[in-house]
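Now for the letters of each chain:
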Amino acid sequence: MYYLGFMAKTMFYKSSFYVLDMSLQLLSMIWHVESILSTIFLVYWQLSGKLEGLKVKLEVCQNFKGVRSKTHKFYDGARWFIILYVVTTVFNVCYSAKFYFEKSHSVWAMLISEMFYYKKLRFIMSIISSYMYSVWLTTTYVFVTYANAAYFEMSYFNKQIRNLSGTRDFLKEELLKNIEKFRLISEAIAELDMVFRLYTFAMLATVIPILIFTLMMLNQHMSSFTDFLICAPFILFCTCAFCSVTIAPARVHEECQNLKHSLCKNKNIWQPHDPEIYQLANTLSNHCEQNGLGISIWGFATLSRPLILGTLSATAMMMSLLTDLKPERIIEVTVEDGN
């Protein structure tokens, strides 16, 4: 917290920094804000036993059959997060080592080097940054993993509904079992929402506004395409942070809505006509009509693809408006009197 407060005070009270320092430090500040929030959530989840309880509820549904059928997907996700761990660590080490190999330092670098009073203690910054980055990635990985587990369980359940066939008595028995399975899956997804709804709200509430206002600040300093390339890592970070908390929950919500389509597509259920099977199928269909089933943003709205598209459209419109409001640079020209 002291590290973050010192950087914020130094940055916002000093406005003459080069755009490279501005972009990198804004990136670091936002990363640390989300890291601190992630630390709080991760500790709370562990101490309260929320993650273990959620795991049990997901397992009760179908004994993790959906997860086991997509084991390679989990390995792929783990590999990507390991790559992100390596990239962030290398980036942090290189940026910290740059200070010791430079012959001259910027104003920002000199001010930050005195954060712990003695310049020799500057290495503490690197330790803090590396730890906070790892916590942020770990929390994100936990969130994405649990969301994907719910998605795979729901996807497996939909596949079973689409492939359901057999005698009329067998269909009646299976539909009764599937109604109970869907009830358990719905409870698990509702628990998933209760655990992560505040986390998704906090992540989105920090990424979107800071992205807009930071781009506004950078827009006033950028004068060339090279400056834009320098700021690109910050923009990419915000994009990754936004996608990590929206795409996986949106897939869960979409798969829940696809259950009714899977039920309607299976003609073995509807033909030949059987009143008892019709009644069971309609009961399951009615249970599917839960538009709010998924991970929400603290209960305000369920994360879905239309919501993501609407958020991106609003962000792009705001960025376009701020670009039009960019103040023009005034160049002073001194004219010498020939007389």
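Further up the page is the structure itself.
What you see is a predicted model; the values in this text were computed from it and never measured.

The rules behind the values
Residues numbered from 1 in each chain as written. Predicted model: local features only at pLDDT ≥ 70, side-chain atom pairs only at ≥ 80, totals over all residues. Heavy atoms only, no water. Helix = DSSP H or I, 4+ residues; strand = E, 2+ residues; numbered from the N terminus. Buried < 20%, exposed > 50% of the residue type's maximum accessible area, 1.4 Å probe, protein only. Contact = heavy atoms within 4.5 Å. Areas by Shrake-Rupley, 256 points an atom, 1.4 Å probe, with all protein chains shown as cover. Phe/Tyr/Trp six-rings, centres within 6.5 Å; stacked < 30°, edge-to-face > 60°. Lys NZ or Arg CZ within 6 Å of the ring centre and 35° of its normal.

1. Regarding the overall build of the protein
Within the protein, the secondary structure is distributed over 13 helices and zero strands. The linear arrangement of helices and strands in the protein, starting from the amino end, is α-α-α-α-α-α-α-α-α-α-α-α-α. Buried positions account for 43% of the 339 residues belonging to the protein. Taking the contacts inside the protein whose residues are at least 6 apart along the sequence as the reference set, 82% of them involve residues at least 24 apart. When the accessible surface of the protein is split by element, carbon and sulfur atoms take 64% of a total near 19,000 Å².

2. As for the packing of aromatic side chains
Within the structure shown, the criterion is met by 16 aromatic pairs. Consider the rings of Phe41 and Tyr199, whose centres lie 5.6 Å apart with planes at 85°: the pair is edge-to-face. Linking Phe41 in helix 2 (residues 19-48) with Tyr199 in helix 8 (residues 168-219), this pair joins segments that are 158 residues apart in sequence. Note on accessibility: Phe41 and Tyr199 belong to one class, buried. Chaining the aromatic ring pairs together yields one cluster made of Phe41, Trp45, Phe143, Tyr146, Phe196 and Tyr199. For the cation-ring pair, Arg251 lies above Tyr151, with the distance from its terminal atom to the ring centre recorded as 4.0 Å.

3. Topic: the environment of Arg197
By secondary structure assignment, the location of Arg197 is in helix 8. C-alpha of Arg197 to C-alpha of Gly294: the two residues are 97 residues apart in sequence and 9.7 Å apart in space. What Arg197 contacts, discounting residues up to four positions off in sequence, is Ser296, Ile297, Trp298 and Gly299.

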